[in-house]
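Coordinate analysis (summary)
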Amino acid sequence: MPENSCKIAVFISGGGSNLQSIIDHIEQGHINADIACVISNKPNAYGLVRAQKANIPTHINDHKNHTTRESFELELIKTLDVYNIKLIVLAGFMRVLSTTFINKYHGNILNIHPSLLPKYTGLNTHSRVLEAGDTEHGCSVHFVTSDLDEGPLVIQAKVKVNKSDSPDVLAARVLEKEHIIYPLAVKWFCENRLAFKNSKAHLDDSPLEQAVLLTQDLETLLK
Ligand code: GAR
């Protein structure tokens, strides 16, 4: 592990393919970071297996064992306190975090969402895109604020929607792009190039008035 690597906690609820893409890019030396722990609110999330295979400490914090959001989050904080975390990466984490929690880690939480935000916040984005007859869809990485799925955008990638797509086929096409834009955003954050200042995402000290759009040139940063 390179010295001074950026310590990350990844929160998951499911398959963890985004977690895997970040693990892979760290292992390939594209990101100078250390996933200090993976926390899941679902005991049987496959992402936990991925973490264990990569020798990353895992923690299960099942929301069903808590009667309040506060107690669920206090347990999250207790776990995070054990590690010296610089960045929390929400990777398919399907619990809403309170303003208190988000403010505690202000500017240090990233999320990935399967739509071209601000379009389609919330759930079932792929079906909604198909129902609306959109010809374009995609994914977004953004800083987390207390407005659900509305924090400042960092990077987006677009995909074409085909008339014959099912929600699953479309989801798979979007996930391929998620696996590129999330490692890129994490890389920039860990290189201190990406920051959340004055309510805006900044890249290389310039405010991002709109999301960076994934290009082939950017993709080469991960090769
Ligand atoms: C991803 O598509 C991610 O964008 C989405 O969940 C999936 C997790 O996949 N997140 C959200 O919908 C958050 N609102 P993964 O577990 O294979 O990384």
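You'll find the structure just up there.
What comes next concerns the included structure. As the structure is a prediction and not an experimental result, all values here were calculated from the model.

Here we take up the site of the ligand. In the vicinity of the ligand, the residues found are Gly15, Gly16, Ser17, Asn18, Gly92, Met94, Ile112, His113, Pro114, Leu175 and Glu178. Within the backbone of Gly15, a nitrogen or oxygen atom sits 3.5 Å from an oxygen atom of the ligand. Contact between the ligand and Ser17: an oxygen atom at 2.6 Å from a side-chain N or O atom of the residue. Protein chains bury 83% of the 450 Å² of accessible surface belonging to the ligand in isolation. Looking at the shell around the ligand, the elements that each hand over two or more residues are helix H1 (17–27), strand S5 (109–113) and helix H6 (167–190).

Our focus in this paragraph is the packing of H1 against H6. Each pair of packed helices can be summarised by the angle the axes make with each other and by the distance between the axes. Contact geometry for H1 and H6: axes closest at 9 Å, N-to-C directions at 50°. By the criterion of interaxial angle, the relationship of H1 to H6 is oblique. Taken as a pair, H1 and H6 cross one another with a handedness that is right-handed. Within the contact between the two elements, H1 uses Ser17, Asn18, Ser21, Ile22 and His25 and H6 uses Leu175, Glu178, His179, Tyr182, Pro183 and Val186. Of the residues belonging to the contact of H1 with H6, the class tally is five nonpolar, five polar and one charged.

With that settled, consider the pattern of salt bridges. Two side chains of opposite charge can pair, provided their charged atoms sit close to one another. Under the counting rule described, the total for this entry stands at nine salt bridges. Two residues, Glu191 and Lys187, come together in a salt bridge whose shortest N-O distance is 3.0 Å. What makes Glu191 partly exposed here is its relative accessible area of 37%.

Let us now look at unusual backbone geometry. The peptide bond linking Leu117 to Pro118 adopts the cis configuration, its omega dihedral lying at 15°. Residue position: Pro118 is located in the loop between S5 and helix H5 (125–132). The backbone of Asn192 shows a phi angle near 60°, a positive value even though the residue is not glycine. Locating Asn192 in the fold gives a position in the loop between H6 and strand S8 (194–197). Given the relative accessible area of 59%, Asn192 is considered exposed. With a phi angle near 50°, Asn198 is a residue other than glycine that sits in the positive phi range. With respect to the element layout, Asn198 can be found in the loop between S8 and strand S9 (200–203).

Another aspect to go through is the side chain of Thr145. Mapping Thr145 onto the fold places it in the loop between strand S6 (136–143) and strand S7 (153–160). Leave out the neighbours within four places in its chain, and Thr145 touches Ile102, Glu150, Gly151, Pro152 and Phe196.

With antiparallel pairing, the three strands of this open sheet are ordered in space as S8-S9-S10. The open sheet is flanked by S8 and strand S10 (206–207), the only strands paired with a single partner. Sheet topology note: the S8/S9 ladder contains four bridges and is antiparallel. Paired with Leu194 across the bridge in S9 is Leu203.

Calculation notes
Residues numbered from 1 in each chain as written. Predicted model: local features only at pLDDT ≥ 70, side-chain atom pairs only at ≥ 80, totals over all residues. Heavy atoms only, no water. Near = heavy atom within 4 Å. Polar contact = N/O pair within 3.5 Å; in protein donor to acceptor, adjacent residues only side chain to side chain. Areas by Shrake-Rupley, 256 points an atom, 1.4 Å probe, with all protein chains shown as cover. Helix = DSSP H or I, 4+ residues; strand = E, 2+ residues; numbered from the N terminus. Axes fitted to C-alpha atoms, helices over the stretch in contact; angles between N-to-C directions. Parallel < 35°, antiparallel > 145°, perpendicular 65-115°, else oblique. Left-handed = near helix turned anticlockwise from the far one by under 90°. Contact = heavy atoms within 4.5 Å. Nonpolar A, V, L, I, M, F, W, Y, C, P; charged D, E, K, R; others polar. Salt bridge = Lys/Arg side-chain N within 4 Å of Asp/Glu carboxyl O. Buried < 20%, exposed > 50% of the residue type's maximum accessible area, 1.4 Å probe, protein only. Pairing = 2+ DSSP bridges.

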